[in-house]
Amino acid sequence: MLDALFFRNWLTATADAVDREAERLTELDSPIGDADHGSNLRRGFRAVAAVLEKETPDTPGAVLMLAGRQLISTVGGASGPLYGTLLRRTGKELGDAPEVGPARFAAALRTGVDAVAALGGAAPGDKTMLDALAPGIDALDDSLGTFAAAREAALQGALATTPLQARKGRASYLGERSIGHQDPGATSSALLFEALAETADGIGGASREGSRG
Amino acid sequence: MADGPLVGIVLVSHSGAVAEAVAALAVGLAGGGGTAPVAAAGGAADGGLGTSAELISAAAARVDGGAGVAVLTDLGSAVLTVKALIAEGDELPDRTRLVDAPFVEGAVAAVVSASAGADLAAVEAAAADAYTYRKV
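In short, a report on the structure.

Procedures and definitions
- Residues numbered from 1 in each chain as written.
- Chains lettered and ligands numbered in written order.
- Predicted model: local features only at pLDDT ≥ 70, side-chain atom pairs only at ≥ 80, totals over all residues.
- Heavy atoms only, no water.
- Core = buried A, V, L, I, M, F, W, Y, C linked by side-chain atoms within 4.5 Å.
- Buried < 20%, exposed > 50% of the residue type's maximum accessible area, 1.4 Å probe, protein only.
- Helix = DSSP H or I, 4+ residues; strand = E, 2+ residues; numbered from the N terminus.
- Contact = heavy atoms within 4.5 Å.
- 1 Å grid on protein atoms, 1.4 Å probe; cavity = no way out; pocket = protein on both sides within 12 Å on 5 of 7 lines; lining within 4 Å.
- Points joined across faces, edges and corners; volume = space filled by probe spheres on them.
- Salt bridge = Lys/Arg side-chain N within 4 Å of Asp/Glu carboxyl O.

As for the nonpolar core
All names here are of chain A.
Point 1. Ranked by internal contacts, the top residues of the largest apolar core, which has 56 residues, are Phe7, Trp10, Leu11 and Phe105.
Point 2. Only helix H1 (4-32), helix H2 (37-54), helix H3 (60-74), helix H4 (79-94), helix H5 (102-120), helix H6 (130-142), helix H7 (147-159) and helix H8 (184-201) provide two or more residues apiece to this core.
Point 3. Looking at this core, the element that brings in the most residues is H1, giving 10 residues.
Point 4. Every residue in contact with Phe105, bar those within four places of it in the chain, is listed here: Leu2, Phe7, Trp10, Thr90, Leu94, Val100, Phe147 and Leu196.

Here's the deal with empty space enclosed by the protein
Residue and element names in this part refer to chain A.
Point 1. One pass over the full model with this rule turns up one cavity of 30 Å³ or more.
Point 2. Of the voids in this model, the largest cavity is the one considered here, and its volume is about 40 Å³.
Point 3. Contributing to the lining of the largest cavity are Trp10, Leu86, Leu109, Val113, Leu133, Leu192 and Phe193.
Point 4. Of all the secondary structure elements, the ones that give two or more residues to the lining of the largest cavity are H5 and H8.

Some details on unusual backbone geometry
Residue and element names in this part refer to chain A.
Point 1. Positioned with a positive phi, Ala35 is a non-glycine residue whose angle comes to about 60°.
Point 2. In this fold, Ala35 is placed in the loop between H1 and H2.
Point 3. Of note in the backbone geometry, Lys127 takes a positive phi value of approximately 65° without being a glycine.
Point 4. Here Lys127 shows up in the loop between H5 and H6.

Observations regarding the pattern of salt bridges
As a working rule, side chains carrying opposite charge can pair if their charged atoms are close by.
All names here are of chain A.
Point 1. One pass over the full model with this rule turns up 13 salt bridges over all chains.
Point 2. A salt bridge links Glu21 to Arg24, with the nearest nitrogen and oxygen atoms 2.8 Å apart. Separated by three residues within a single helix, Glu21 and Arg24 lie in helix H1, roughly one turn from each other.
Point 3. Residue class for Arg24 comes out partly exposed when judged on its relative accessible area of 38%.

In structure tokens, the structure reads:
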């Protein structure tokens with residue numbers, strides 16, 4: 001079962017991963033975006049980590065709702081409302097259960113992913129974060145909550161955005177010139193699944209500080 | 001002219017300068033005496049380009065007189081942030097609407113109609129109608 005601590009650890013691990021990868025995310029966002037994805041997300045997830053240190057919501061749903069709220073208010077770019085909606089809708093779906101099983105979490109996360117698609121009006125194949133989120137959640141469903149499978153699927157989904165032409169967001173204005181660049185949003189979405197797998201392995205938990213840079 | 005409160009208008013742009021200038025333009029063109037309350041919410045919290053949920057919430061609170069608030073946005077994160085705030089439920093005044101309209105032309109139409117006492121639905125319709133004006 002996954003409790004509030006698991007979700008706090010997941011989000012803290014995500015904040016660490018975003019911190020580690022911020023420069024790469026911004027590099028990916030330079031040719032096809034406005035070169036701020038890494039710095040925006042870093043600001044947002046640092047705020048998430050900070051608020052989770054101060055406040056200690058005691059259910060998974062409350063942890064996700066609080067984190068999502070932070071992202072909406074601090075990121076400053078489109079990824080804020082998108083990731084904020086992902087976490088808040090997922091958290092809302094989990095309600096006030098003190099613990100959730102992997103299957104219930106996967107179902108709630110799918111609701112969150114669907115809300116992101118609705119908010120941005122995007123579908124898989126548009127070269128957006130959905131290209132990592134959708135395969136990630138599909139794999140999580142298929143594997144009955146094996147987070148390693150979801151991590152791999154999300155990563156492959158992000159890598160597969162390179163040959164696509166962007167149909168949403170600022171990159172879509174570039175038309176064919178958006179082809180040949182990996183999508184920064186899909187790349188950061190893969191980090192969410194990576195942090196989830198780390199946390200489930202226990203690497204993202206108590207021993208995280210010792211073993212991760 | 002209306003006796004009660006007027007619909008408030010919030011203009012959200014990625015740029016503080018654009019939001020302020022469009023607000024000034026719309027108020028100037030609405031002209032002649034008092035206008036409906038208009039607030040600009042442009043740029044990120046640090047003054048750079050981007051969108052600030054806090055600036056948007058504060059601007060909406062400032063122009064809310066009880067008749068509703070019409071929010072016009074430019075692109076990308078401005079649109080998504082307003083939608084996300086509305087979905088939150090308690091971040092913006094009751095009867096706050098994201099209006100689907102061109103930013104400059106819609107702002108002028110919204111401020112003129114709100115200043116004339118139009119209700120929220122009529123302000124929304126006037127702003128959206130700006131899409132139908134073709135330039136060529």
